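Tertiary structure, described
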Amino acid sequence: MIDALKEEQIVNKVGGRFKLSALIQKRLAALNSGARPLVDLKTKFPMEIVIQEILQDKIMLNADDSIRIVEQRRQGPMDFDLSLL
């Protein structure tokens, strides 16, 4: 089990266990469909990539349960609807 999932920090960051579960499932589906990871992590396990993306505030869940990818550029955050993947 990934140690970060044992901590309440990640649950509180997303807004609860249900939202965390939804975000993880949606992002895993996107990665498995060919989406690029947003963190540079040497691992074979997509789950570890998703956890790091959450901890580094790279992804979050919108009110409509779509994933919001936060790009750290001069233009500010960008929204991508990954539910269509």
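Residues numbered from 1 in each chain as written. Predicted model: local features only at pLDDT ≥ 70, side-chain atom pairs only at ≥ 80, totals over all residues. Heavy atoms only, no water.

Examined against the element boundaries, A30 turns out to sit in helix α2 (residues 17-32). Each C-alpha atom, one on A30 and one on I67, is 9.8 Å from the other, the two residues being 37 residues apart in sequence. (Helix = DSSP H or I, 4+ residues; strand = E, 2+ residues; numbered from the N terminus.)

Right, let's talk about α2 for a bit. End to end, α2 covers 22 Å across 16 residues, agreeing with the expected 22 Å (1.5 Å per residue, within 8%). Along α2, the positions that sit buried rather than exposed are L20, A22, L23, I24, R27, A30 and L31. Residues of α2 that are buried in the fold lie against α1 (8-14), α3 (46-55), β1 (59-61) and β2 (67-69). (Expected span 1.5 Å × (residues − 1). Buried < 20%, exposed > 50% of the residue type's maximum accessible area, 1.4 Å probe, protein only. Contact = heavy atoms within 4.5 Å.)

Across all of its chains, the model carries 5 salt bridges by this definition. When the shortest N-O distance is used, the salt bridge between D57 and K13 registers 2.9 Å. With a gap of 44 residues between them, D57 in the loop between α3 and β1 and K13 in helix α1 connect regions that are remote in the sequence. Relative accessible area serves as the criterion here: at 35%, D57 is assigned to the partly exposed category. In this structure, E53 engages R27 in a salt bridge whose closest nitrogen and oxygen atoms are separated by 2.7 Å. Within this pair, whereas E53 is found in helix α3, its partner R27 is found in helix α2, the two being separated by 26 residues in sequence. Of the residues examined, R27 reaches a relative accessible area of 1% and is grouped as buried. (Salt bridge = Lys/Arg side-chain N within 4 Å of Asp/Glu carboxyl O.)

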